[in-house]
Amino acid sequence: MPKIFNEENKKAIQKELIECGFALLKQGGLHAVNIDVLTKNCFIAKGTFYNLFENKSDYLYHMMLFERARSKEMLHLYLNENGQLSTNNLKHYLFWLFDENPNIFSYLTKEEQTRLISTWPDKYLTNMNNDKETMHMLHALLECPRKNPSWELACNYMKLIAGSLTIKDIFISSHYEIMIWDIIDKITDLLCK
């Protein structure tokens, strides 16, 4: 990357590329996320893209990370005046997370999901430290945290919901939302008194 790009410029370009990528993904799936189109839309050279991301697979992983970071920022809207999270607000945040929060996998076909996952290193898919950090952050914000929560099981339930979004069509649609709320209740029971 040319020396004229400082860290702030790099982050701004990465953000612009990721936002553009989400727009393309929503319009046409994985096939629509074309590096030539991305660089043209963001007015950067293709070499600049490859200085920021190793390849398209790495870029898509960073799209997922960007969305996770945005989700954590949204959590602040659910905190009370003391900066804490009530059990009820935790439930509503979790529902927002699974209902409204864009997930790159929800815009991919099953074949695209399989192809993308096969290109990612294991560290992209199973990051126990990230899981633990996220669950401990949630737990620390709770008004009434459970002593010694089963964060691993709560995390697995969250992943169960996230995974269900990618195969939503196999569920009985009239009871899908009820199922999600039941799982959210299980998560809050594990984390809250």
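Quick caveat: nothing in here was measured; it's all calculated off a predicted structure.

Engineer: Sorry if this is basic, but what is going on with the overall build of the protein chain here?
Structural biologist: Along the protein chain, the regular secondary structure elements total 10 helices and zero strands. Scanning the protein chain from its N terminus toward the C terminus, one meets helices and strands in the order α-α-α-α-α-α-α-α-α-α. With respect to the principal axes defined by its C-alpha atoms, the protein chain has extents near 55 × 40 × 30 Å. For the protein chain, with 193 residues in total, the buried portion stands at 40%.

Engineer: I would appreciate a short explanation of the packing of aromatic side chains in the present structure.
Structural biologist: To describe a pair of aromatic rings, one takes the distance between the centres and the angle between the planes. Evaluated as defined, the whole model comprises eight aromatic pairs. Ring centres of Phe49 and Phe53 lie 5.3 Å apart, and the angle between their planes is 45 degrees; on these two criteria the pair is classed as tilted. Across this residue pair, the class does not change: Phe49 and Phe53 are buried. Ring geometry for Tyr93 and Trp96: centres 5.9 Å apart, planes at 25 degrees, overall stacked. Note that Tyr93 and Trp96 are positioned in helix α5 (residues 87–99) at a spacing of three residues, about one turn of the helix. What makes Tyr93 buried here is its relative accessible area of 5%. With a relative accessible area of 7%, Trp96 lands in the buried category. Through a chain of ring-to-ring contacts, three or more aromatic side chains come together here, namely Phe49, Tyr50, Phe53 and Tyr59.

Engineer: Is there a simple way to think about the confidence of the model for the protein chain in this case?
Structural biologist: Close inspection of predicted coordinates is inappropriate for parts of the model with low pLDDT. Averaged over the protein chain, the pLDDT score is 87; the fraction of residues at 70 or greater is 94%. Confidence scores differ between elements of the protein chain, with helix α7 (residues 122–125) showing the lowest mean pLDDT of 67 and helix α10 (residues 176–191) the highest of 95.

Engineer: What should I look at first to understand helix α8 (residues 128–141) in this one?
Structural biologist: Since the α-helix packs 3.6 residues into each turn, any two residues three or four apart lie on the same face. Between its first and last C-alpha atoms α8 spans 20 Å; for 14 residues at 1.5 Å apiece the expected length is 20 Å, and the two agree. Listing the buried residues of α8 in full gives Asp131, Thr134, Met135, Leu138, His139 and Leu141. On its buried side, α8 packs onto α4 (56–75), α5, α9 (151–166) and α10.

Engineer: Explain the pattern of salt bridges to me, please; I cannot follow it from the model alone.
Structural biologist: Side-chain pairing between opposite charges can occur once the charged atoms of the two side chains come close. Applying the stated criterion across every chain, the model contains six salt bridges. Between Asp36 and Lys46 there is a salt bridge; the shortest N-O distance is 3.0 Å. Here Asp36, found in helix α2 (residues 35–41), pairs with Lys46, found in helix α3 (residues 46–52); they are 10 residues apart in sequence, far enough to count as distant.

Engineer: Hey, could you run me through the state of the cysteines in this one?
Structural biologist: Any covalent bond linking the sulfur atoms of two cysteines counts as a disulfide. Scanning all chains against the criterion turns up zero disulfides. There is no disulfide at Cys20, and the cysteine sulfur nearest it, in Cys42, is 4.3 Å away. In this structure Cys20 comes out as buried when scored by relative accessible area, which is 14%. For Cys155, which is in no disulfide, the shortest distance to another cysteine sulfur is to Cys192 and amounts to 15 Å.

Engineer: What am I meant to see in the nonpolar core here?
Structural biologist: Soluble globular proteins: nonpolar side chains tend toward being buried together. If you look at the biggest cluster of nonpolar residues, it comprises 29 residues, and the most contacted ones within it are Leu85 and Leu94. Elements represented by at least two residues in this core include exactly α5, α8, α9 and α10. With near-sequence residues (within four places) excluded, Leu85 lies in contact with Leu75, Tyr78, Leu79, Leu90, Leu138, Leu141, Leu142 and Glu143. Among the nonpolar cores identified, the runner-up in size contains 26 residues, and Phe22, Leu24, Phe49 and Leu116 belong to it.

Rules of the game
Residues numbered from 1 in each chain as written. Predicted model: local features only at pLDDT ≥ 70, side-chain atom pairs only at ≥ 80, totals over all residues. Heavy atoms only, no water. Helix = DSSP H or I, 4+ residues; strand = E, 2+ residues; numbered from the N terminus. Buried < 20%, exposed > 50% of the residue type's maximum accessible area, 1.4 Å probe, protein only. Phe/Tyr/Trp six-rings, centres within 6.5 Å; stacked < 30°, edge-to-face > 60°. pLDDT = per-residue confidence, 0-100. Expected span 1.5 Å × (residues − 1). Contact = heavy atoms within 4.5 Å. Salt bridge = Lys/Arg side-chain N within 4 Å of Asp/Glu carboxyl O. Disulfide = S-S within 2.5 Å. Core = buried A, V, L, I, M, F, W, Y, C linked by side-chain atoms within 4.5 Å.

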